Amino acid sequence: SAQFQLAVPVAVVFAPGSVPGDLPRPLPFRDVQEMEISVNLRPSIMSRYETVYRRTTAQEETALDVATAQEADTALHQLQDASLGSLTMYVVPETSSLLPQGISVYVGKHRSALVRSGGSLAALHTRLRQLTQVMSFTASSISAALSDRVPDGQLGPDARRHLKSSLGYEITFSLLNPDPKSHAVDWDIEDAVNRYVQPVLDKLSLVANFSVDSQILYYAVLGVTPRFDKESSSFLLSAHSLPHVINPVEARLGSSAASLYPVLNFLLYVPERSHSPLYIQDKNGAPVSTNAFHSPRWGGIMVYNVEAPASPQVSLPLHVDVDMVRVMEVFLAQLRLLFGLSREELPPEFLVESPGNEGLADWELDRLLWAHTVENIATVSTTLTSLAQLLDKIGNIVIKDDVASEVYQAVASAQSAMAELAVGHLRLAFQASKEAVTSSERAFFDPSLLHLLYFPDDQKFAIYIPLFLPMAVPILLSLAKIVREARQCKKEPTKMD
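Reading the values: rules and limits
Residues numbered from 1 in each chain as written. Predicted model: local features only at pLDDT ≥ 70, side-chain atom pairs only at ≥ 80, totals over all residues. Heavy atoms only, no water. Helix = DSSP H or I, 4+ residues; strand = E, 2+ residues; numbered from the N terminus. Rg over C-alpha atoms; globule rule 2.2 N^0.38 Å. Buried < 20%, exposed > 50% of the residue type's maximum accessible area, 1.4 Å probe, protein only. Contact = heavy atoms within 4.5 Å. 1 Å grid on protein atoms, 1.4 Å probe; cavity = no way out; pocket = protein on both sides within 12 Å on 5 of 7 lines; lining within 4 Å. Points joined across faces, edges and corners; volume = space filled by probe spheres on them. Pairing = 2+ DSSP bridges. Axes fitted to C-alpha atoms, helices over the stretch in contact; angles between N-to-C directions. Domains from an automatic or database assignment. Buried area = accessible area lost by both parts, 1.4 Å probe. Salt bridge = Lys/Arg side-chain N within 4 Å of Asp/Glu carboxyl O. Core = buried A, V, L, I, M, F, W, Y, C linked by side-chain atoms within 4.5 Å. UniProt positions renumbered as here; feature names shortened; annotations may be inferred. Left-handed = near helix turned anticlockwise from the far one by under 90°. Phe/Tyr/Trp six-rings, centres within 6.5 Å; stacked < 30°, edge-to-face > 60°. Parallel < 35°, antiparallel > 145°, perpendicular 65-115°, else oblique. Nonpolar A, V, L, I, M, F, W, Y, C, P; charged D, E, K, R; others polar.

1. Notes on the overall build of the protein
Consideration 1: Each helix and strand counted, the protein has 12 helices and 17 strands in total.
Consideration 2: For 497 residues, the compact-globule formula gives about 23 Å, and the C-alpha radius of gyration of the protein, at 32 Å, lies well above that figure.
Consideration 3: For the C-alpha atoms alone, the extent of the protein along its principal axes is close to 130 × 80 × 40 Å.
Consideration 4: With 497 residues in all, the protein has 46% of them scored as buried.
Consideration 5: Contacts spanning at least 24 positions in sequence make up 75% of the contacts within the protein whose residues lie at least 6 apart.

Put into structure tokens, the structure is as follows:
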């Protein structure tokens, strides 16, 4: 179809005493709002909010009859439409004590929010519109997903930061100990991954497959010599030198070359004694509170300073036990940034519940799925177009049945994904888009096509002419000689006559 339609099922549920006086018709009723997302692309992208307005059920009233917004969120979660991509907004009276003072919108951990009624339908609409921008997709999240297809000038600065959609990701945690003579470093990475990383990956398992591994590298140094600062008697890495830190370290990591999937690297660097303590500065020269930095689409590095021993007679190496809670907080924040899950700036009257140890709220998972579904469909279209152009150029190609069927399968899955998006079935749309990517890549990288793609006719001539020419010259000369002799034989009997 010529148009992406992203349909979001929204329920606006009025608690007793919160129904605005100026509703256009009696409850319950439906309303559809369409907006074009301005991304300069064909096909155009439409967002379509399909809203049902209704009153609370008896069970929902009971769930709202609690002391705090958190309790209400937990109780309402049991009663909600849990389908991916859907939103439920509970409208409470303007005077409700459920929400803290000064807060008019509370965003929960799941797929619902509490909103003060605002008195009139117009005020309520403004809040609901802001809310859909927070909990669903935005023009910027969709254009970031399509960033490789949108001209540079039209994108925000963060558009190309996010990881590209992939069927899998590999996460590598590396401990770099450049000075093992001075520091014997222990980190309980297995326990830390199980406690802090695994719950997040379980939640993201719908998005992709993840594998996690860890390693300790000795004598691995950063590619930049830090600058000594007399005032603080410490060593500093400035913001502009950070890009040069990664290359020399990457050579030692050695995981990404053999990987089918994008690799995310999280490095914990314990600086050598001669460069301790080591601090990272931001662009303005201020120290970075986490002492860490991240590199878009690559991963992150955290510098972990070791306390200098009180007495100089201490025997080396010093035993260091890494505080994994502090380290994992930083790495998980970087993981969120890499997936584009960073929280946007919100109006002051918004309160967003922290997702707890799951690392991301249900609605954040939906945001990721909206973006990845759109990106997957665009990727399939690009892959199949490239394949068609290549096959056009190669005249003598035979396309095997299984390649043809993968192409048909990819097109059918992409169309099915678009159809599911248009009716608001996010989970089915995402799964179909993943199948479409798998099929299109199988077709593109099929072994029967590869040798033709890398071996076109002009290459054949270029390779075989130098081989056959030296042999062909004597053969051609002797053929010419045979022809000449045959002619002579024909002429000679006529002379005899």
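Further notes follow.
2. Points about empty space enclosed by the protein
To locate leftover empty space, one rolls a probe as large as a water molecule over the atoms.
Consideration 1: Taken as a whole and judged by the stated rule, the model has 3 cavities of 30 Å³ or more.
Consideration 2: Put simply, the largest cavity is a space of about 190 Å³.
Consideration 3: As for the largest cavity, its lining consists of 14 residues, and the residues nearest its centre are Gln33, Tyr49, Thr51, Leu128 and Thr132.
Consideration 4: Contributing elements (two or more residues each) for the lining of the largest cavity: strand E1 (3–14), strand E2 (29–37), strand E3 (44–55) and helix H3 (121–135).

3. What about the sheet that holds strand E9 (residues 209–218)?
Consideration 1: Read from one edge to the other, the open sheet built from 5 strands follows the order E9-E7-E12-E15-E14, with strand pairing classed as mixed. This sheet does not close on itself; its edge strands, each paired only once, are E9 and strand E14 (292–295). Here the average twist between neighbouring strands, direction ignored, is 15 degrees.
Consideration 2: Pairing of strand E12 (residues 263–269) with strand E15 (residues 299–303) involves 5 bridges; the strand directions are parallel. The residue bridging Asn265 from the neighbouring strand is Gly299, located in E15.
Consideration 3: Strands strand E7 (168–177), E9, E12, E14 and E15 of the sheet are contacted by helix H6 (residues 243–253), whose axis makes an angle of about 100 degrees with E9.

4. Digging into the domain arrangement of the protein
Consideration 1: Looking at the assigned domains, one finds that the protein contains domain 1 (5–145 + 346–352), domain 2 (168–339) and domain 3 (362–453).
Consideration 2: For domain 2 versus domain 3, the separation of C-alpha centres amounts to 37 Å.
Consideration 3: Overall, the association of domain 2 and domain 3 removes approximately 800 Å² of surface from exposure, summing both partners, and the carbon and sulfur fraction of that is 61%.
Consideration 4: When the area that domain 2 buries against domain 3 is broken down by residue, the three leading residues are Lys203, Leu206 and Val207, summing to 69%.

5. Thoughts on the pattern of salt bridges
Consideration 1: Tallying each qualifying case throughout the model produces 12 salt bridges.
Consideration 2: Note that Arg54 and Glu60 form a salt bridge whose closest N and O atoms lie 2.9 Å from each other.
Consideration 3: Using a relative accessible area of 3% as the deciding quantity, one classes Glu60 as buried.
Consideration 4: Across the pair Lys203 and Asp362 runs a salt bridge, and its minimum N-O distance is 2.6 Å.

6. A look at the side chain of Ser47
Consideration 1: Structurally, Ser47 can be placed in strand E3.
Consideration 2: Owing to a relative accessible area of 2%, Ser47 belongs among the buried residues under this scheme.
Consideration 3: With residues up to four places along the chain from it excluded, the contact list for Ser47 reads Leu6, Gln33, Glu34, Met35, Ile37 and Phe137.

7. A few points about the nonpolar core
Consideration 1: Formed by 87 residues in total, the largest nonpolar core has its most connected members in Leu6, Leu131, Phe173, Leu204, Leu268 and Phe339.
Consideration 2: In contact with Leu6, other than residues within four places in its own chain, are Ile37, Ile45, Met46, Ser47, Arg48, Phe137, Ile142, Trp370, Val374 and Leu421.
Consideration 3: Leu176, Leu217, Leu222 and Val224 belong to the second-largest nonpolar core, a separate cluster that totals 20 residues.

8. What about the UniProt feature "transmembrane region" (unreviewed entry) in the protein?
Consideration 1: Here the UniProt feature "transmembrane region" (unreviewed entry) sits at residues 461–483.
Consideration 2: Within residues 461–483, the helical portion is 100% and the strand portion 0%, while the C-alpha atoms at the span's ends are 28 Å from each other.

9. Considerations on the packing of helix H5 (residues 189–204) against helix H7 (residues 324–338)
Consideration 1: Following both chains from N to C, one finds H5 and H7 inclined at 35 degrees, their axes separated by 10 Å at the closest point. Between H5 and H7 the crossing geometry is right-handed. Contacts between H5 and H7 involve Ile189, Ala192, Tyr196, Val197 and Val200 from the former and Met324, Val325, Met328, Leu332 and Leu335 from the latter.

10. Observations regarding the packing of aromatic side chains
Each pair of aromatic rings is reported with the distance of its centres and the angle of its planes.
Consideration 1: Considering all chains together, one arrives at 13 aromatic pairs under this definition.
Consideration 2: On the numbers, 5.0 Å between centres and 75 degrees between planes, the contact of Phe137 with Trp370 is edge-to-face. Of the two residues, Phe137 is situated in the loop between H3 and helix H4 (139–145) and Trp370 in helix H8 (residues 362–393); the sequence distance between them amounts to 233 residues.
Consideration 3: Residue Phe137 is classed as buried on the basis of its relative accessible area, which comes to 1%.
Consideration 4: Residue class for Trp370 comes out buried when judged on its relative accessible area of 1%.
Consideration 5: Measuring from ring centre to ring centre gives 5.6 Å for Tyr169 and Phe210, while their planes differ by 25 degrees; the resulting arrangement is stacked. Placement of the pair is Tyr169 in strand E7 and Phe210 in strand E9, with a sequence separation of 41 residues. As far as burial versus exposure is concerned, Tyr169 and Phe210 are alike and both buried.
Consideration 6: These aromatic residues form a ring-pair network of at least three members: Phe14, Phe29 and Tyr53.

11. Concerning unusual backbone geometry
Consideration 1: Here the amide bond leading from Leu27 into Pro28 is cis, since omega sits at -10 degrees, within 30 degrees of zero.
Consideration 2: Topologically, Pro28 is positioned in the loop between E1 and E2.
Consideration 3: In this model, Ser276 is joined to Pro277 through a cis peptide bond whose omega is -10 degrees.
Consideration 4: Assignment of secondary structure puts Pro277 in the loop between E12 and strand E13 (278–280).
Consideration 5: You will see that Tyr219, though not glycine, has its phi angle at about 60 degrees, which is positive.
Consideration 6: Among the structural elements, Tyr219 can be located in the loop between E9 and strand E10 (227–229).
Consideration 7: Residues other than glycine seldom take positive phi values, yet Ser233 does so here, at roughly 40 degrees.

12. Section: the packing of H8 against helix H10 (residues 426–444)
When two helices pack together, their arrangement is given by the angle between the helix axes and the distance between those axes.
Consideration 1: Look at H8 against H10: their axes get within 9 Å of each other, and the N-to-C directions meet at 25 degrees. One element, H8, and the other, H10, form an angle in the roughly parallel class. Judged by the twist between their axes, the crossing of H8 over H10 is left-handed.
Consideration 2: For the contact of H8 with H10, the class distribution of residues is 14 nonpolar, 7 polar and 2 charged.

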